[in-house]
Amino acid sequence: AEGRQRQNPPHFVYLLTCPLWAGRIRGGKTPPQRAGQASGTSSPAPFQYPLWRRIALRLGSKRTLALSVMLFVLCMLPVLVVANLPQAFVMMLFVGAAHSGITLVREIVLSDVIDEDELRTSRRREGSYFGVNAFIERLVMVLVGGSSSLVLGLSGYAADRAVQLPSVALGIRLGMGLLPVLALVVFLIALRYYPLGKEQVLALRETLNGRRRERIGQPSA
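The rules we used
- In this convention, every chain numbers its residues from 1, walking through the sequence in written order.
- Selection of residues for local features in this predicted model requires a pLDDT of at least 70, selection of side-chain atom pairs for listing and counting requires 80 or more, and totals for whole chains, interfaces and linings are taken over all residues.
- Side-chain calculation: all heavy atoms of the structure are included, whereas hydrogens and water are not.
- Counting from the N terminus, the helices are DSSP H or I runs at least four residues long and the strands are E runs at least two residues long.
- The span one expects for a helix is its residue count, reduced by one, times 1.5 Å.
- Relative accessibility decides the category of a residue: with a 1.4 Å probe and only protein chains considered, values under 20% of the type maximum give buried, values over 50% give exposed, and everything between is partly exposed.
- Residues are said to line a cavity or pocket when one of their atoms sits within 4 Å of a point; the points come from a 1 Å grid over protein atoms alone, cavities being sets where a 1.4 Å probe fits but cannot get out and pockets being open sets with protein on both sides within 12 Å along at least five of seven lines.
- Grid points are joined across faces, edges and corners, and a volume is the space filled by probe spheres set on the points.
- By salt bridge we mean one thing: a side-chain nitrogen of Lys or Arg within 4 Å of a carboxyl oxygen of Asp or Glu.
- What is meant by a nonpolar core is a set of buried Ala, Val, Leu, Ile, Met, Phe, Trp, Tyr and Cys residues, joined one to another through side-chain atoms within 4.5 Å.
- The angle between two axes is taken between their N-to-C directions and runs from 0 to 180 degrees, where each axis is a line fitted to C-alpha atoms and a helix contributes only its stretch in contact.
- Roughly parallel means an angle under 35 degrees; roughly antiparallel means over 145; roughly perpendicular covers 65 to 115; every other angle is labelled oblique.
- Left-handed is the label given to a crossing in which the near helix is rotated counterclockwise from the far helix by less than a right angle, and right-handed is the label when the rotation is clockwise.
- Any two residues whose heavy atoms approach within 4.5 Å are treated as being in contact.

Asks: Mind showing me how you'd approach helix H7 (residues 126-155) here?
Replies: Every α-helical turn comprises 3.6 residues, leaving residues that sit three or four positions apart pointing alike. Over its 30 residues, H7 runs 43 Å from end to end, which matches the ideal 44 Å to within 8%, given 1.5 Å per residue. Buried residues of H7: Tyr 129, Asn 133, Ile 136, Glu 137, Val 140, Val 151 and Ser 155, and no others. Immediately downstream of H7, the backbone of Gly 156 shows phi near 90°, a positive value.

Asks: Explain the layout of surface pockets here, please?
Replies: A water-sized probe, rolled over the atoms, reveals where empty space remains. As a volume, the second largest pocket reaches approximately 240 Å³. Along the walls of the second largest pocket sit 13 residues, with Ala 56, Leu 57, Ser 61, Ile 108 and Arg 205 positioned nearest its centre. Those elements giving two or more residues to the lining of the second largest pocket turn out to be helix H4 (45-59), helix H6 (85-121) and helix H9 (198-215). Counting residues per element, the lining of the second largest pocket draws most heavily on H9, which supplies 4 residues.

Asks: Just checking my understanding: could you explain unusual backbone geometry for this structure?
Replies: Among all residues save glycine, negative phi is the norm, and among peptide bonds the norm is trans. You will see that Ser 122, though not glycine, has its phi angle at about 60°, which is positive. Tracing the chain through its elements places Ser 122 in the loop between H6 and H7.

Asks: I'm lost on the pattern of salt bridges in this one. Help?
Replies: The full count for this structure, using the stated rule, is 11 salt bridges. When the shortest N-O distance is used, the salt bridge between Glu 118 and Arg 124 registers 2.7 Å. Residue classification places Glu 118 among the buried positions, given a relative accessible area of 4%. With relative accessibility at 36%, the residue Arg 124 sits in the partly exposed group.

Asks: How do you make sense of the nonpolar core when you look at a structure like this?
Replies: Burial of nonpolar side chains together is a common tendency in soluble globular proteins. Judged by nonpolar contacts, the single largest core of 29 residues is most densely connected at Leu 65, Val 69, Phe 72, Met 91, Val 95, Phe 187 and Tyr 194. Listed by contribution, the elements that provide at least two residues to this core are helix H5 (61-76), H6, helix H8 (166-191) and H9.

Asks: So what exactly am I meant to see when it comes to the packing of H6 against H9 here?
Replies: The axes of two packed helices give the description: the angle between them and the distance between them. Relative to each other, H6 and H9 sit at 50°, their axes nearing to 10 Å. When the interaxial angle is binned, H6 and H9 end up oblique. Crossing hand, H6 versus H9: left-handed. Contacts between H6 and H9 pair Ile 108, Asp 112, Asp 115, Glu 116, Glu 118 and Leu 119 from the former with Val 201, Leu 204, Arg 205, Thr 207, Leu 208, Arg 211, Arg 212 and Arg 215 from the latter.

Okay, structure coming up:
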């Protein structure tokens, strides 16, 4: 199975990029504060999905994913300067609006990859692709935990210290604001090698639909 995945460049690029944006951002000091920040992230999603759908239909899944990821990183940068919970809530509203585009379009991108694989192999292998994708997302969660531990360690965080050093807050801000920028660089480099743009996807679907009609004996429209 691993060898087959390496033979599919679109899926390799998808695995390299999309799980980077699958996690949620946490940062409140108390449960009510964390709940407020979480609601700021999630509340825009139901209202933004129709807008992101229209953008995806116009630009295609590849360009829409790039746009939503760049907006996500841009909206995270105010974490470097936010000073109170209301400011953090407003920031997370914008982060949530961008994140809703990521959560919507990355599934479309994966379906495009599966269609491209069917076109090449004449087999539907959704289970394999979703299984590998789920594994990569779990792996990324481990990497996020490791990077958080590294940031806290370098910042001078001590679990037994009632009052943390000022460098801890600065380290957390830099980690939340700058690590996504580094991930964005990796994402944009990888996306250059993802071949399924809007025109390619439309052509792929037309060819695939033609093969399916031939397979079930229906005449082409």
